[in-house]
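Observations on the three-dimensional arrangement
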Amino acid sequence: MDKTELVSDHRVADPGASVMKKLPEVTLAFWIMKIAATTLGETAGDLFAQTLKLGYFLTTILLFLIFVVTLVVQLRSRRYNPFFYWTVILSTSMAGTTMSDFMNRDASSKYLSDGATSLGWGPQGLGLGYPAGAAILISLLVLIFTVWKFTGMTFVIRDIVTFRAEVLFWSAILVSNTLGTSMGDFLSDSSGLGYAGGALLVTGLLAVLVALMRVPAVPNVVLFWIAFVLTRPLGATAGDFLTKPTAKGGLDLGTAGSSAVLFAVLVGLMGYAHLRERRTLAT
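Please read all numbers here as calculations on a predicted model, not as lab measurements.

We now examine the overall build of the protein. Looking only at helices and strands, one finds 8 helices and 0 strands in the protein. Counted from the first residue to the last, the protein has its helices and strands arranged as α-α-α-α-α-α-α-α. Within the span of the protein, comprising 283 residues, buried residues form 47% of the whole. For the protein, the share of sequence-separated contacts (at least 6 apart) that also reach a separation of at least 24 residues comes to 73%. Working note: accessible area of the protein is about 13200 Å², and carbon and sulfur atoms make up 70% of it.

In this section: unusual backbone geometry. Positive phi outside glycine occurs at lysine 53, with the angle close to 60°. By secondary structure assignment, the location of lysine 53 is in the loop between helix 1 (28-51) and helix 2 (55-76). Judged by its relative accessible area of 52%, lysine 53 is exposed. One non-glycine residue, aspartate 252, lies in positive phi territory at about 55°. Among the secondary structure elements, aspartate 252 is positioned in the loop between helix 7 (220-243) and helix 8 (255-282).

With that settled, consider the packing of aromatic side chains. Summed over the entire model, instances satisfying the criterion amount to 21 aromatic pairs. A centroid spacing of 6.5 Å and a plane angle of 65° characterise the contact between tryptophan 31 and phenylalanine 228, whose relative ring orientation is edge-to-face. Residue tryptophan 31 is located in helix 1, and its partner phenylalanine 228 is located in helix 7; the two are separated by 197 residues in the primary sequence. When the ring of tryptophan 225 is compared with that of phenylalanine 228, the centres are 5.9 Å apart and the planes differ by 50°; the resulting orientation is tilted. Here tryptophan 225 and its partner phenylalanine 228 are both found in helix 7, 3 residues apart, which amounts to about one turn of the helix.

Bringing the pattern of salt bridges into the picture now. Enumeration according to the criterion identifies 2 salt bridges in this entry. The salt bridge partner of arginine 232 is glutamate 42, with a shortest N-O separation of 3.4 Å. Note that arginine 232 is positioned in helix 7 and glutamate 42 in helix 1, a separation of 190 residues in sequence. Residue arginine 232 is classed as buried on the basis of its relative accessible area of 0%. A relative accessible area of 2% places glutamate 42 in the buried class.

Calculation rules
Residues numbered from 1 in each chain as written. Predicted model: local features only at pLDDT ≥ 70, side-chain atom pairs only at ≥ 80, totals over all residues. Heavy atoms only, no water. Helix = DSSP H or I, 4+ residues; strand = E, 2+ residues; numbered from the N terminus. Buried < 20%, exposed > 50% of the residue type's maximum accessible area, 1.4 Å probe, protein only. Contact = heavy atoms within 4.5 Å. Areas by Shrake-Rupley, 256 points an atom, 1.4 Å probe, with all protein chains shown as cover. Phe/Tyr/Trp six-rings, centres within 6.5 Å; stacked < 30°, edge-to-face > 60°. Salt bridge = Lys/Arg side-chain N within 4 Å of Asp/Glu carboxyl O.

Right under this line is the structure:
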């Protein structure tokens, strides 16, 4: 398999296709923006659910609706727009944060701030735990990829130009970001590694994936999806490291301040990507 097949280009699809390129080039800048978006997704999801005390149930509903709205905008776009694409990535990261928390957590004191007895309206969480929650999400992700495989549509990112393929792509993104959140929370809360240790472990695994890119027998499509899942726990652990109290190993910067800084960084990166896209189309 060609090692360049994960890099999108600006080709128009064959005459039978109805849309132009809808997804970005997979470059180093792509992964930087992905990590920034997933870290912001973690801090913003916690801002709504915990700091503003909406709770996991209401926040999950709210953020899932935001995801649907941003996805509709992206699907209706006729070509790749960095603002549309990365807004959907951000919305899947925020929704994935609270979806994971709702699945895995419960009303026990370890998930509540000191002195709190509840968190928002509705059920506090299903309390499935990280292993059970991850098993369910992995099963859903496998199901999506199985359906995708049987449709005969490509997994190669640069060639996803049809509506059906893009819907499958975004379904996999939402589930993978939710799974990545569960993995990140497990590393931070239950593995004993802490926030910094969890981030270092995921960084090491990503370095292994980079090395495997030079192995011809390993398809880049597989490496892409593994990396896509792993960058989510990296964002989750980084977000927790920024926001959690120093007594728990964090920097205690707060969800609001951290989210504001990360949002500014992401908007700046999206603006840069938009300018690059316009220059490329102009040539």
